[in-house]
Structure formats: structure tokens, C-alpha cells
Amino acid sequence: MSLLPRTAEEFSSAEYWERFFKKRGERAFEWYGDYNKLCGVLHKYIKVQDKVLVVGCGNSELSEQLYDVGYKHLTNIDISETVVAHMNQRNAERRPDLTFHQVDATQTPYEDASFQAALDKGTLDAMASEEEGALARRMITEVSRVLKVGGRYICVTLAQETVIKLAVEHFVHLGWAVRLHCLQEERGKEEEDTFALPVFVLICTKFRQPMPTPILEMCIGDDGAPVRHTQVCELLSAVREYQAYSVLRKRLRTSTDPGSNLSLTLCNAKTGLPRYTLTVQDCPPGAKVPRSNQFAIFIVPRGSETAWLYSSTEGRKQLAASANFRRVVIVSMHRNQEYTDMQAVQSELSPVVMDLAPPGMPTNQQVPFLSVGGDLGWREEVSRGVSQLSGEYCVENVRGEDGELYRRLVFLSNVSLVQSESRLIPSNAAASSHKKKNKKKTKAAVTPSAYLSVDSGFLCCAHHEVMVAGLSMLGMGTAQNKDVPVSVLLVGLGGGGLPQFLRDFVPNATVEVVELDPVVLEVAKEWFGFRPDDHLTVTLGDGLERICSLEKEGGHVFDVIMFDVDNKDSSLGMSCPPAAFVETAVLQKVFNLLTPRGLFILNLVCRDPVLRTNVLERVRSVFPTILSRKIAEEINEILLCSREEKDAAHILPSLSKAAKNFQSTLSSVRTEPKQRPHIDIAEMIKGLKLE
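Everything numeric in this text was worked out from a predicted model, so none of it was measured. (Residues numbered from 1 in each chain as written. Predicted model: local features only at pLDDT ≥ 70, side-chain atom pairs only at ≥ 80, totals over all residues. Heavy atoms only, no water.)

Student: Please clarify how the environment of T256 should be interpreted in this entry.
Tutor: Looking at the secondary structure, you find T256 in the loop between helix 9 (232–254) and strand 10 (263–267). As for T256 and C283, which are separated by 27 residues in sequence, their C-alpha atoms are 8.4 Å apart. If we skip the residues at most four places from it in the chain, T256 touches D282, R326, R327 and P359. (Helix = DSSP H or I, 4+ residues; strand = E, 2+ residues; numbered from the N terminus. Contact = heavy atoms within 4.5 Å.)

This is the structure in C-alpha cells:
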């Protein structure tokens, strides 16, 4: 490694190369791969009879090897007197017609259109950092001059962005065709001291008349099919992607790291759309893994990508530990992509996944594909649209790992987060239809969307269940509270599952929902069974503004105020609610809008422990009694904040009886036939603790 340049400027200086070659001596420094790696591309673009100018030849064996296989018309030039003398001496007897000349590549003595090809192995990279790229521009301008029409500049490069951008823009401006080949390291060849970056070969072809529109192409390997790009920035982006993949692959093939969570996305070759996301999970050091269990691929069922087991760091660690392999690659499938069956997915992934195998694993070892239930799962998109506030969204039906059908709202700006989810049940029309066609029922059969309805009694989100269970603190179900109305103000509609549950199953409940996004309201009504009425109303607008106006108007009080609103700014450590919702002044307004027995319920999603502490301090400064419950396998935490100061010694024990009373009240209410509340209130309050 001491032979590598310490700085970019040193890389391009004649003095550096003088010292470099003297130190290197007889050993050829195959900086960008040897003849065996490059010959496939070189033979494709250089004919044996072509006159070839080898720019910055160095002491590489490449010219000698090309000469030995029949290329006799090579003109080798280099700026280093030492290397030129050495190479002439080395080839005087065996290759008398192979000559080397000390020539400055920016001003050569050759006539215009003297060569059919110019071969550059690393010279462009060396020159590009000198004089802010001016030296490299002079060199490729000189190359352009000495090449014939139809001639090619063939440049072996590591494609550093400034370098490749300089060259590509230069030749596009001249109207030449530009093609890049990415030469990946062969599997099993990675070693600690090899380059992590792939080698690229840039092919620029000179036309008699400049091309009216740029020809920009990328190929993988020697003979990969060219992929056409319309703009230089697209080609540069493709280069970056291959470089990133190569670095990732080198890292994975030479080391293991249980905490790295490395991932990459594989795209559809024709459309460029994401097709698979692969996340690598290594087992911890010292884990007792059978010698045969080196590597496995786990296929996540469609519709389960957001489950804790697959989407969280801790979940993936647990999955890998259960599988008991040295390395597990967890594969998620993307929306808007067709997948035939498990066998087809395995066939598609098999050529790729060996790149991600752990170090030392034999290339011929079988890699098992693991899954849940042996199938790919099921997903059906039923609607897609755009919100001016939240961007593109889709509504989809999926089959859960429990076999039940669910409907989800997902904003495509964050596909790993399910915005809302409801369980689906067959409608009455479906039930009668199924009675006639039930004799040949199969496991994979799925009820068509037209025959499905939302089960309003089933809350898919555990934090919603805890928010409902928190109403036990109001003493509902007791004799003294029988027939007492309950008023709720909820900020944040989502799919409408929480407010619809309150309307359908909490006796005497009146719910006002404040929702900022009108598109979300329409989606909730059309796809998630949300049915506003006299007891369930929606106010469109900003939640904070609604709270301020209610307090200012006076005369409005609620038994319960709930915040279940997400934060669009993902850069903060708190994704729910937005920070402004938990400022002391806002919390005081919430306090003022509550009845004497009133309850403030907050869905808090905070990854930053310092920020969480600050939020709790502000809430505590306003509300005398706070109970909290963390949601298992989620970041969500529910705060139940009472306006009353309750006896700390008795509040938790008394909630147990209150939960039973509330449960019986829920179970006695029926607003929809054949639907009932699927919630265990006592279970939901078990984890509560006093803050």
C-alpha cells in the first residue's frame, strides 16, 4: 500500500512516477487489472491490424501481452524517461518491433488522424487532478486530434466522478458516442489488499458528423447488453451505483459485522424500478452455528415487509438467530412488480446472492432459500393517488402471516411505514356467494375486493388499543357513569380505524376528528369503512389551530383529547407528534379544554432519549398524573395524562377493576351486525407505569 499515491496531486506528477517506477523496479504494477481481466473488452474494440497509441504506458505488461497475441502496431508513450528506457531494454530482444517513446501526451509529434485506437490505462485518472482538470483536457483533446474517424479512445479508469464527468462531457460535446463497461471482480477473487472499486472501461467513438443527441450507454462485464441513458447525469448515477455495490460486495466478502445492517436495492433491468431490497444480517461473534449453515436467503412474504421481525434491527437479529446461519440475507419484494412463484424468485436471485456470501464460503456450496409457509404471500393494489400534503400513496390488500386479509394505506415517500391498517372480512354478499362455491375451496383463494368490508371492531395497531383502553381511567361502565356521554377530540384521522371504533363500540361517545389532509379523509371514507355522522364529525384543518380556536371561543370542553398525528420531518428524533404539539403552551390549552375528569392521551414516537425526557418534563409540568405504556416491538409509547391528581398508591390497582367494567360496556354495544370489539382491555393496561 505504500506504493499508492498519498494525494491526488502526487498521483499526476512526473516526479512521483519517476520515484514510483524506480521503487517498483521489475514488477509490473497492474494498477487497474491485468491483461486477463481486460482482454475481453480490448479485443472487442481494437482490431489486430489497428494502429494503436498507448497513452501513459508505464511499466505495465499490457502492451507486451497485446503484442504477443498479434497486435504489432503499438506506439507506446510515457512521460517518464526511466520507464521508457527500462521498457525498451526489457523488450529489445524478444519484441524488437515494440518500441517505447518519451512523449508528453498533451502535445505529441504525431499527425492528425494517425491512429485507429488510443489506449489509456489510468493516465486520465492521473492527469485529471492536475490544474483543476486542465491537463487531462489537453490530453484528451490531443487524443481526439490523432484519432481517425471511426477511431476509439479506450480508457481504463476507476471512474472517480470528477474524472469520468470531465471525459464524458468532453466527448459528448464533440458529438462522439460514449459507452462504459463495468468490470466486476470475479467471485471468490476478493482479497484484503484488492481494490474495492470496480474497473471501468470508457469507449469513446469518433464520428464524421457529430451526433445530434448524445449516445450514452452502460454495459456490465465484457459483453453485457448496453443500457441506454439520455443524460450525462444518468450515466454518472449508474457509475456511482455500481461503485457502491462493489464496495459493499468487497466488504461483505472479506468481513462480517452483526451490527452493520447493510442493504442494497436490485432494480428491474428494463424499467429501472426497484424490484428487491436485500438486507444482510450476520450472526454475532461466538454464536454456535453448524459448519454447514454458512449462508441463507430469507424471502419476506409480500405484505409483511413492515413487520417488526423484518423491518427493525432487533427483529432482523432475532430472525437470523432463529435461522441459525452465519449470514442471512433478508429479501423484500417491491410494489408494482410481478413475481410468478417462489421458484422463479429463487432463479432470479441465485446469480446475485453469491456476491453477498460470507468470507471463506466455497462458491459451489448450496444456499438454502427460507420463507414463511413456502409461498410469496399476496398483495393487491386497489387504489393509488396523490396528496398535495403527503405525496403519492397507495391502498393495498395483503394477506397477513396469520392468514387474515388486511387493507393498508402507504405513502410512497416512506414505503417502510404503514400509515393505516384495517382487517377485512367477507361482506354479506360474499358470504352467500361462498356458500354456493365452497366445495373446492383452496388455501390460496382470496375473496375479491368487491366482496370485502372493513371490520371496525378490530384495531390493527397496538397503540390504538392502548389508547382505547386508557378510557378506563374515566370510570366507564360503573353505575354512576351509566348513560353519561363521552366527548372525544382526536387530532389525526389516518384510515379512521380509531375514531370509528370509538363511535361504534364506546357507549354515548361523540367524536370530533381534526385532519389536515382532505385526501386522507376521502381515502378513509372510500376504502377504510369510515362513516361520519352526527356523533362522528370531521374538521378539516390544522390540529394546533383547531385547539387554539376552541380555547379562544370558550364553551368547548372534552372528556378526552387524543394526539395521534405524525411528523412529516423525518430528520428529527421524534416522528409523532410534531414538536409543536408538545410545547408547554399547547399542552396548557389542552388542559384547559378538558372536563374536570378529563384525559389527554398522547401517542409518542421518540427515538431520542434526551428529547423524550424533555417532552415528559413539559407534560408533567401541566398534568399532575401521567401513566405510560411502551408498545412491544414498536417505538410507540402511549401517555395517559389525567387532569386530576390521583392517588399514586391506588391508581394502578383500581384500573384493573375499571378495565373489567369498561370491557363489559364495550361488549354490550352493537352498532353493526356481526361485528364486535376485538380488544382485551385488561391486557392493554397491564404494562402501564406511573411516570
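Student: Just to check I follow, could you spell out the packing of helix 8 (residues 161–174) against helix 9 for this structure?
Tutor: Between two packed helices, what matters for the description is the angle formed by their axes and the separation of those axes. The N-to-C vectors of helix 8 and helix 9 enclose an angle of 150 degrees; their axes lie 11 Å apart at closest approach. Overall, the two elements helix 8 and helix 9 adopt an arrangement that is roughly antiparallel. In the packing of helix 8 onto helix 9, the handedness of the crossing is right-handed. Contacts from E161, I164, K165, V168, E169 and V172 of helix 8 reach helix 9 at V232, L235, L236 and R240. Its residues assigned to classes, the contact of helix 8 with helix 9 comprises six nonpolar, no polar and four charged. (Axes fitted to C-alpha atoms, helices over the stretch in contact; angles between N-to-C directions. Parallel < 35°, antiparallel > 145°, perpendicular 65-115°, else oblique. Left-handed = near helix turned anticlockwise from the far one by under 90°. Nonpolar A, V, L, I, M, F, W, Y, C, P; charged D, E, K, R; others polar.)

Student: Please clarify how the nonpolar core should be interpreted in this entry.
Tutor: Within soluble globular proteins, side chains that are nonpolar tend to cluster in buried spots. Core analysis: the biggest nonpolar cluster contains 52 residues, and V468, L471, L502, M562 and I601 have the highest contact counts within it. With six residues, the top contributor of residues to this core is helix 20 (residues 648–667). Leave out the neighbours within four places in its chain, and L502 touches V468, L471, V488, A509, V511 and M562. Counting residues in hydrophobic clusters, the runner-up holds 41 residues, among them M139, F200, M218 and L236. (Core = buried A, V, L, I, M, F, W, Y, C linked by side-chain atoms within 4.5 Å. Buried < 20%, exposed > 50% of the residue type's maximum accessible area, 1.4 Å probe, protein only.)

Student: Just checking my understanding: could you explain the sheet that holds strand 10 for this structure?
Tutor: The strands making up a sheet associate through backbone hydrogen bonding, with each pair oriented either parallel or antiparallel. Taken together, five strands build an open sheet; the order of strands is 10-11-13-12-14 and the sheet is mixed. Looking along the sheet, the strands with just one partner apiece sit at the ends: strand 10 and strand 14 (369–371). Geometrically, the sheet is characterised by an average inter-axis angle of 25 degrees between neighbouring strands, direction not taken into account. In this sheet, strand 13 (residues 327–333) lies alongside strand 12 (residues 295–299) in parallel orientation, the contact comprising five bridges. Pairing of I297 across the sheet is with V329, part of strand 13. (Pairing = 2+ DSSP bridges.)

Student: For this particular structure, what's the right way to read helix 5 (residues 81–91)?
Tutor: Residues separated by three or four positions in an α-helix point in the same direction, a consequence of the helix having 3.6 residues per turn. For helix 5, the complete set of buried residues consists of V83, V84, H86, M87 and N91. Take helix 5 and look down its axis: the buried residues cluster within an arc of 165 degrees, on one side only. Away from its buried face, by an angle of more than 90 degrees, helix 5 presents the exposed residues E81 and Q89. (Arc of directions from axis to C-beta.)

Student: Can you walk me through the confidence of the model for the protein in this structure?
Tutor: Do not read the predicted coordinates in detail wherever pLDDT is low. Averaged over the protein, the pLDDT score is 86; the fraction of residues at 70 or greater is 89%. Taken together, the stretch residues 1–11 has pLDDT below 50 and engages in 24 contacts with residues farther than four places along the chain or on a different chain. Low pLDDT, under 50, characterises residues 429–444; the predicted model gives this stretch six contacts beyond four residues in sequence or across chains. (pLDDT = per-residue confidence, 0-100.)

Student: I'm lost on the environment of Q49 in this one. Help?
Tutor: Turning to its location among the elements, Q49 is positioned in the loop between helix 3 (35–45) and strand 1 (52–55). Taking the C-alpha atoms as reference, Q49 lies 9.9 Å from L74; in sequence the two are 25 residues apart.

Student: Which parts of the structure should I look at to understand helix 8?
Tutor: Under the 1.5 Å per step criterion, the end-to-end length of helix 8 is 20 Å for 14 residues, consistent within 8% with the ideal 20 Å. Every buried residue of helix 8 is listed here: V163, I164, L166, A167, V168, H170 and F171. Following helix 8 by one or two positions, G175 adopts a phi angle in the positive range, close to 85 degrees. (Expected span 1.5 Å × (residues − 1).)

Student: Just checking my understanding: could you explain the side chain of H181 for this structure?
Tutor: Relative to the elements of secondary structure, H181 occurs in strand 6 (residues 177–183). For H181, a relative accessible area of 0% puts it in the buried group. At 2.7 Å, the side chain of H181 and the side chain of Y45 are in polar contact. Polar side-chain contacts of H181 include one of 3.4 Å to the backbone oxygen of D222. (Polar contact = N/O pair within 3.5 Å; in protein donor to acceptor, adjacent residues only side chain to side chain.)

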